[in-house]
Structures are given as C-alpha cells and as structure tokens.
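# Fold and contact review
Residue strings, one per chain:
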Amino acid sequence: MDSLIINGGKKLIGNIPISGSKNACLPMMIASLMTDEKMTLNNIPMLSDVKTLISILKSLGTNIEYKKDNLHLHTKEIINHKASYDLVKKMRASFWVLAPLLAKKGYAEVSLPGGCAIGTRPIDIYLEMLKEMNIKYSINNGYIVAKAESPIRGLNFKLEKKSVGCTHFFLMLACLANGTSKLSNAACEPEVVQLGMLLNKMGAKIRGLGSKKIIIEGVEKLNGINEIVPSDRIEAGTFAIAVSATGGRIKLENTNYDENKTLFKILEKTGSKINKSKNSINIEKTNDEIYPVNIKTSPYPGFPTDLQAQIMTLMAISNGQSEIKENIFENRFMHVQELVRMGANIKLDKDKALIRGTRSLNGANVMATDLRASASLIIAGLVAIGKTTISRIYHLDRGFYNLECKLNNCGASIKRISE
Ligand code: EPZ
C-alpha cells in the first residue's frame, strides 16, 4: 500500500490544471449503455474509480479503449445483465448501471452497493422509484434482481430527500420510458446537469435540468456522442482551500467559478483573495491571519459535503472558534481524530464539529480513512511543522488525479512511497 511523506511549511505558488470530474464522468460512462452506437468521452481522469467502472462496463458487453485521456466506449449489445459484487463493492456508484440495464433490456441483477466509511448509504429511495415504475424486484444473496416491462412506463416521482444518485438514476430510466415522466425535488448539482445535457445531445428530451423539477419525454432510442468531461469542481475547491491554508498564490486552470461560488465566498471571509477570469481562477493568500467561519454542508448550491473535510483543516489553523455541521452523511468526520493527532483542537457533538483554531499543526503519522479525508490530511501535512506520513493513500487515488505532482509543481514537498 502506498503512503505519502510531506515536509510541511512551504507556500504554494504556481498554476494547477484541473482534471476531468470524477463525479461527472462516472454517470456519463454509465450512459454509454443507453445506446448501441459509439460514445467518446474526452478529458477522462484515469482514477481507480474510473478503472473499476471500466471493468464493470466491459463485463456487461461494452467495448472500451483508452487513448490519450479519451475513452472510447461502444456497447453494440448488452451481453450480460449481472454487475458483480466484487466490482460494485469497490465503487458504489456502479450500482447506477441498474437503470440503463432496465431501460434497455428490462432485466438486471446488480449487487447491492453496501455502505462505506462515510455512511450506510441506503438505497431505499431507488427501490421506491422502481416500485413506482411498476418494476418488479427481489433481493437475494446481496443482489437486486429486477424485471421491467419494455419499454418502462413513465412516472411522476418526488424525491423525499435531495439525492444526486437517485436523480441520475431517474434521468437514465425515464429518457427511454413510454410517455412523460416528472421528477420533483431533483438534485441540482452540476454533475446532474452534465449527465442530462449528455443524454439530450444523444437524443433524449429532458427539461428543467439544474432546477428542482425535471420533465422527461421518453424517446425510442439514443444516439452515439463525442463529449468532453467537465473539470472537477471538488478538485478545484480542494486546491483553493490548500493555498488558503499554506499561503501563496495559485492559478486554477480550466475551471468554473460559479460551480464553487459558495466555497469561494467562504474563502474570502477567511481572508483569501479570489479573482476569476474566463476559465481560470486565481486564489491568493498573503496575510497570516485565517479568520474562522461557521459552515453547514447542504445540497448544491450550498456548501458541498465533498469539501467538508478539507475546509475543516483550514478552520483548524484559524485564529478563532468555528463550527462545521455535516448534514448529508452520518459518519463523515473520520478525519477529525487524525487531525487531532496533529494537534488540532476539534470536538465532535453528533453532526457538529466544534473547532478551536491553533496557530499550527505538528507533523505525525496519520491514516487516510476515505477519499476526501485523505485530501484534508494532505492539506494538514502541507501546513504542519515537520514531517507527516499519510498511509492508505489508495483512498486518495480513487478521486484525485496526480494530486501530489500538481502540488509539488507549486513548491510542495511530497513523496509517494510504496510499502
Ligand atoms: C454523490 O453520491 C457523490 N458521488 C458523492 O461524492 C457526494 O457526496 C453526494 O452525491 C452528494 O450528495 C458520486 O457522484 C459518485 P446522494 P450519492 O444520493 O449520489 C441519502 C465523493 O467523495 N440517500 O446525493 O450516493 C444518502 O444516504 C462522493 O466523491 C438515502 O437516504 O449521494 C445521503 O445521506 C462521496 N436513500 C443523501 O441521501 C437513497 O436511496 C445524499 O446522498 C439514496 C440516498
């Protein structure tokens, strides 16, 4: 297993190209099952989650080639309806293949995704949606076995809580369904809009993307497509928080200001300067003072839960007291104990973290527990006095492409070692 060794105390100065978005490209790749024509996705980040999904799609019958950051996918015919446990357990979002398998073939056996470090990750809303669409299913030996009349009957559905995955699921189920479907309380995340726009370019008829009410007129078939994967807003936000912690100035290349507006407004309150230009953003942190800000995570356009661990590190070295409330996942504070080992003063009270900023953190041996927690520990290592060793860095490789190289190119001192 790999670890990272970080010598802290260096300012970050330089340019960082932002890679393609993990959370946009995964559903876009799954949408390749919706057509028997070719799909090319450009600007793919070759992350371990992407590699896992490639294996799953290949097992279902998709021919996939990867050339120079571009993925060529072609599902002439779905030859297998079963997405196996050993692959789905590695990457929960692969559960979403259930939608195109049902939409295209009317039958699927997909392993239940199971929980993960940040929460139990239930699928009750997905199952409600299947019932509403009159899709019969049973759950046997950890698999959901589902059968649908073909084509699926359109439906009106209201999400009881905002869910990105359930909204993706609905888009893929309904765009080949019979008749018109309506989704209320839909998620508005950019990744939902990006999937919906991809499906529309393939011939779907989806309206209301980015709003709480989505209306879909079912069509007979979807065509092939050649699309660019948008840049990763969580990666961009992570680097913006990092330079706000270390001091310096970073130019984030090919990224979008509006997708991170809530974060940037908060970073300005902490004392960072943010300037946007056409498709890059400059973040500068010149003074030593980091002002505390209270944060509550919420669905888009609120503060993203995927940046909660990272901003906590910044608050841990602020010059006052702050509170972070995690409203999306029930166990997304695994990074707290590791930060406390580095000298952070953080107390947990159910879904709240009460943080008293300290002037500095001390390097230590720490352990990554999940994807975004690993990024928060890297930021802590960048600002800590002395050496920090972060083990189990496979968590990081799931969702950040070449992160340590990008930081080293801006003056950081990070070394990857394989044990
Ligand atoms: C997506 O997960 C992202 N993953 C997550 O990013 C992100 O944190 C999350 O959306 C934000 O909402 C990908 O895009 C691959 P949800 P998803 O359904 O769709 C509850 C990362 O770090 N819920 O929006 O699985 C659920 O438990 C990952 O990149 C139910 O209760 O999340 C959670 O509390 C982590 N029942 C809330 O909804 C259900 O049937 C929002 O989850 C489904 C969800």
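Residues numbered from 1 in each chain as written. Predicted model: local features only at pLDDT ≥ 70, side-chain atom pairs only at ≥ 80, totals over all residues. Heavy atoms only, no water.

## Focus: the sheet that holds strand S22 (residues 365–367)
Reading across the sheet, the four strands line up as S22-S23-S1-S24 and stay open at both edges, with mixed pairing between neighbours. The open sheet has two edge strands with one neighbour each: S22 and strand S24 (414–418). Recorded for the sheet is a direction-independent mean angle of 25° between the axes of neighbouring strands. As defined by bridge partners, strand S1 (residues 2–7) adjoins S24 across five bridges and the pair is classed as antiparallel. Counterpart to Leu 4 in the pairing with S24 is Arg 416. (Pairing = 2+ DSSP bridges. Helix = DSSP H or I, 4+ residues; strand = E, 2+ residues; numbered from the N terminus. Axes fitted to C-alpha atoms, helices over the stretch in contact; angles between N-to-C directions.)

## Looking at the site of the ligand
Around the ligand sit 25 residues in total, of which Asp 124, Ser 163, Asp 306, Ile 328 and Arg 372 are the nearest. One of the side-chain N or O atoms of Lys 22 is found 3.0 Å from an oxygen atom in the ligand. One of the side-chain N or O atoms of Arg 121 is found 3.0 Å from an oxygen atom in the ligand. Protein chains bury 90% of the 820 Å² of accessible surface belonging to the ligand in isolation. Mapped by element, the contributors of at least two residues to the shell around the ligand are helix H1 (22–30), helix H5 (124–132), helix H6 (164–174) and helix H12 (371–383). Looking at the shell around the ligand residue by residue, the classes come out as 12 nonpolar, four polar and nine charged. Here the shell around the ligand gathers at least three residues from each of two domains, domain 1 (2–19 + 231–418) and domain 2 (22–228). (Near = heavy atom within 4 Å. Polar contact = N/O pair within 3.5 Å; in protein donor to acceptor, adjacent residues only side chain to side chain. Areas by Shrake-Rupley, 256 points an atom, 1.4 Å probe, with all protein chains shown as cover. Nonpolar A, V, L, I, M, F, W, Y, C, P; charged D, E, K, R; others polar. Domains from an automatic or database assignment.)

## Observations regarding unusual backbone geometry
In the segment running from Tyr 300 into Pro 301, the intervening peptide bond is cis, with an omega of 10°. Relative to the elements of secondary structure, Pro 301 occurs in the loop between strand S18 (295–296) and helix H10 (308–316). Positive phi, close to 45°, is recorded for Lys 68, a residue that is not glycine. Counting through the fold element by element, Lys 68 comes out in the loop between strand S4 (63–67) and strand S5 (70–74). Take Lys 68: its relative accessible area is 80%, and that puts it in the exposed class. Phi at Arg 121 takes a positive value of approximately 50°, unusual for a residue other than glycine. Among the secondary structure elements, Arg 121 is positioned in the loop between strand S7 (107–111) and H5. (Buried < 20%, exposed > 50% of the residue type's maximum accessible area, 1.4 Å probe, protein only.)

## Some thoughts on a positive patch on the surface
Judged by side-chain charge, Lys 158, Lys 182, Arg 207, Lys 212 and Lys 213 come together as a positively charged surface patch. Here Lys 158 shows up in strand S10 (residues 156–158). (Patch = residues over 30% accessible without salt bridge, like charges linked within 9 Å, V, L, I, M, F, W, Y side chains within 5 Å. Salt bridge = Lys/Arg side-chain N within 4 Å of Asp/Glu carboxyl O. Lys, Arg positive; Asp, Glu negative; His and termini not counted. Charge placed at Lys NZ, Arg CZ, Asp CG, Glu CD.)

## Here's the deal with the packing of helix H8 (residues 233–246) against H10
With their axes 9 Å apart at the nearest point, H8 and H10 run at an angle of 5° to one another. When the interaxial angle is binned, H8 and H10 end up roughly parallel. Every residue of H10 that contacts H8 at Ile 234, Thr 238, Ile 241, Ser 244 and Ala 245 is listed here: Gln 310, Ile 311 and Leu 314. When grouped by side-chain class, the residues that make up the contact of H8 with H10 number five nonpolar, three polar and no charged. (Parallel < 35°, antiparallel > 145°, perpendicular 65-115°, else oblique. Contact = heavy atoms within 4.5 Å.)

## Details of the domain arrangement of the chain
The assigned domain composition of the chain is domain 1 (2–19 + 231–418) and domain 2 (22–228). Computed from C-alpha atoms alone, the centre-to-centre distance between domain 1 and domain 2 is 31 Å. Taken together, the contact between domain 1 and domain 2 spans 21 residues of the former and 21 residues of the latter. Summing both sides of the interface, domain 1 and domain 2 together bury roughly 1700 Å²; the carbon and sulfur share of this comes to 51%. Contact with domain 2 buries area across many residues of domain 1, yet Tyr 300, Arg 398 and Tyr 401 alone supply 32% of it, more than any other trio. Scanning the region where domain 1 abuts domain 2 turns up two salt bridges. A salt bridge links Arg 233 to Glu 191; its shortest N-O distance comes to 2.7 Å. In this assembly, domain 1 and domain 2 are joined by 10 residue pairs in polar contact (both at pLDDT 80 or more). (Buried area = accessible area lost by both parts, 1.4 Å probe.)

## Here's the deal with the packing of H6 against helix H7 (residues 190–201)
Here H6 crosses H7 at 10°, and the two axes come no closer than 10 Å. Classified by the angle between their axes, H6 and H7 sit roughly parallel to one another. On the side of H6, the interface is formed by Val 164, Thr 167, His 168, Leu 171 and Met 172, while H7 contributes Glu 191, Val 192, Leu 195, Gly 196 and Leu 199. Its residues assigned to classes, the contact of H6 with H7 shows six nonpolar, three polar and one charged.

## Some remarks on the packing of aromatic side chains
Under the definition given, this model contains four aromatic pairs. Three or more aromatic residues joined by ring pairs form one cluster here, namely Phe 95, Tyr 126 and Phe 169. Sitting above the plane of the Tyr 143 ring, Lys 82 keeps its charged end 4.6 Å from the centroid. (Phe/Tyr/Trp six-rings, centres within 6.5 Å; stacked < 30°, edge-to-face > 60°. Lys NZ or Arg CZ within 6 Å of the ring centre and 35° of its normal.)

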